[in-house]
Structures are given as structure tokens and as C-alpha cells.
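Summary of structural features
Letter by letter, the chains look like this.
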Amino acid sequence: MVGALLGNKLTAVGAAIVFVLFVVAVFAPALAPYDPHALDTYAVLEAPSAAHPFGTDGIGRDVLSRMIYGARVSLMVGFVAVGIACLIGVVLGSIAGYSGGLLDSTIMRFVDVMLCFPSFFLILAVIAFLDASIWNIMVVIGLTSWMGVCRLVRAEFLSLRQRDFMVAAEGLGARPWRVILRHGLPNAMAPVFVAFILGVAGAILTESALSFLGIGVQPPDPSWGNILTEGKNAIEVAWWLSVCPGLAILITVMGYNLLGEGLRDVLDPRLR
């Protein structure tokens, strides 16, 4: 599967971007040339140079170091938030698809109600009543983005529950939870993996937007979104504060999308 996944050049590019982001996030303390909170009053809004490849911000902090630590924030938000969303979606989707009837209708009507609200504005509404911490952001993004995974898993279970191995397991007296966990979920997880990869890109973009608006990761903690906010306030004299984090967000989201599309092509034989 790995060979097929890397066979497509665009998918290989996406995998490389994701791998580099992972390495940067894990080894941020070793890769950052400066402390992301260290101030240098003699290098305020300094343009990119050998000493500061991405320049400095309005109080003399090294932008490259802050972006490296910001990658750690983005990766953590993406994986934790989408992990929460996938967990909720898999549980509700498998119950709805396997049970059918009234329980299925009730769960899917709740999904329809959740889908009626624009996700970003729903997140804004919830965040307005909570502290703007990174943990609250991850939980809120996860709790407002599980509906797509739920519908995917339900559709897979609607197809699987009529298969011979599922009917045989029920005929042998297996309990419903055992049929779901042992026979249903292993055969329904392929689209979930794809949704997870694509969801990470969406979560990173959402976190960046929240931080840009000032209700995400709060200064002095570094985030690509709040670096962009600093760039907005100094766009005429410090272009690097907007260009560098903007390109980082663009490349990261593109990488996850390319990897997710390639993974979908490999796992779905109908698309090969």
C-alpha cells in the first residue's frame, strides 16, 4: 500500500510535507535557533537575514523559532481535535448503521440538526463562553466536526450488516457489540482513515483562523494564526510576518489534502 501511495507524485509530495511537519513539531526545541519567547530590543521588525532567516516581530522575537513551535501547536490541534471527532463519529455511526430503525433515525436527525449550523460560527459561539485555551479549542473543534465521519461509518455499516460474515456472527449468537467491534469496524475503517487525514487539514485551518481573530492560542504562546495577526498590524513595514506563516498554513493544508486524496485512491478499489 505504501508503494502505491507514493507512486503518485502529488501524493508523494503531500506525504513529504506531512513528514517534515511531524519532524519539525517533534524536534522543535532542537530545530529552533532561538527561544520563541526571547526578546531582542535591538532587532525589532528586522527583515529576513542570516541571523534571523524569517525576520523578527514587533518586540524582537525570532519568527522562524516561533513558527517552528507553532507547527507543534498545529499538529497537536489537528490530531487531537480530529481524533475526538472520529471517535464520536465512529461510535454513533456504527450504532446507527448496525441498529437501524428508530435509533438510526434519531441519530441521523441529530446529525442533520448539527449540519444546519455553519461549523466555524458554531465554534465561535461555543468559544465565546469558554476560556481561549488550546485545550478548549481542540475539544470544541472535535465536538463540532464529527458529523461527516458518522455518516461515512453509517453508510459502511448499512452495506456490511447484510454480508454473510455479519449474518453468520449474529446466527452464532454473538452479541451486537461484539459483531460491531470484531466484524463491522475493521471493515468500515478505510474511509475513516481518509476522513482523519483530510480533517487534520481542516482543523489546522480552523485553529489558525481562530488565533488570527484573537480567540485561539493566546500570546505569548506561538501560533501561525497569531503571527498572522501581528503581520496584519505591520503589513506595510514587515511583510514577512504575513508571508511566512501564510505560506506555512497553505503548504501544510495542501500536503494533508494531497495525502488524503492519495490514501483514498489506494484504499478504494473503485478509484484505482
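Structure: above.
What this report covers is the structure whose coordinates are included nearby. Just so it is clear, the model here is predicted, and its values are computed rather than measured.

What follows deals with unusual backbone geometry. Cis peptide bonds are those with omega within 30 degrees of zero, and the linkage from P219 to P220 qualifies with 10 degrees. For L45, which is not glycine, the phi dihedral falls at a positive 50 degrees. Relative to the assigned elements, L45 resides in the loop between α3 (28-31) and α4 (63-99). In this structure L45 comes out as partly exposed when scored by relative accessible area, which is 29%.

Turning our eyes to something else, we now look at the environment of I137. Following the sequence through the fold, I137 ends up in helix α7 (residues 134-143). When residues no more than four places from it in sequence are discounted, the contact partners of I137 are I127, L210, I215, G216 and V217.

What follows deals with the nonpolar core. Residues M67, I141, V149, F157, W224 and Y256 are the most contacted members of the largest nonpolar core, which totals 57 residues. Setting aside anything within four residues of it in sequence, one finds I141 in contact with V77, A81, I123, A203, T206 and E207. Residues I107, M108, V111 and C150 belong to the second largest nonpolar core, which totals 9 residues.

The next subject is the side chain of T56. Here T56 is to be found in the loop between α3 and α4. Looking at T56, its side chain comes within polar contact range of the main-chain nitrogen of E46, at 2.7 Å. Ignoring anything within four residues of it in the chain, the contact list for T56 reads A43, V44, L45, E46, R61, D62, V63, W240 and L241.

On the surface, a cluster of nonpolar side chains totalling about 560 Å² of accessible area is made up of W239, V243, L247, L250, I251 and M254. Mapped onto the elements, V243 comes out in helix α13 (residues 240-267).

With that settled, the discussion passes to the packing of helix α8 (residues 147-160) against helix α10 (residues 176-188). In the contact formed by α8 and α10, the axes pass within 9 Å of each other and the chain directions differ by 115 degrees. Note on packing geometry: the crossing formed by α8 with α10 is right-handed. Facing E156, F157 and L160 of α8, the residues of α10 in contact are I180, G184, L185, N187 and A188. Taken together, the residues that form the contact of α8 with α10 break down as 5 nonpolar, 2 polar and 1 charged.

Rules used in this analysis
- Residues numbered from 1 in each chain as written.
- Predicted model: local features only at pLDDT ≥ 70, side-chain atom pairs only at ≥ 80, totals over all residues.
- Heavy atoms only, no water.
- Helix = DSSP H or I, 4+ residues; strand = E, 2+ residues; numbered from the N terminus.
- Buried < 20%, exposed > 50% of the residue type's maximum accessible area, 1.4 Å probe, protein only.
- Contact = heavy atoms within 4.5 Å.
- Core = buried A, V, L, I, M, F, W, Y, C linked by side-chain atoms within 4.5 Å.
- Polar contact = N/O pair within 3.5 Å; in protein donor to acceptor, adjacent residues only side chain to side chain.
- Patch = residues over 30% accessible without salt bridge, like charges linked within 9 Å, V, L, I, M, F, W, Y side chains within 5 Å.
- Areas by Shrake-Rupley, 256 points an atom, 1.4 Å probe, with all protein chains shown as cover.
- Salt bridge = Lys/Arg side-chain N within 4 Å of Asp/Glu carboxyl O.
- Axes fitted to C-alpha atoms, helices over the stretch in contact; angles between N-to-C directions.
- Left-handed = near helix turned anticlockwise from the far one by under 90°.
- Nonpolar A, V, L, I, M, F, W, Y, C, P; charged D, E, K, R; others polar.

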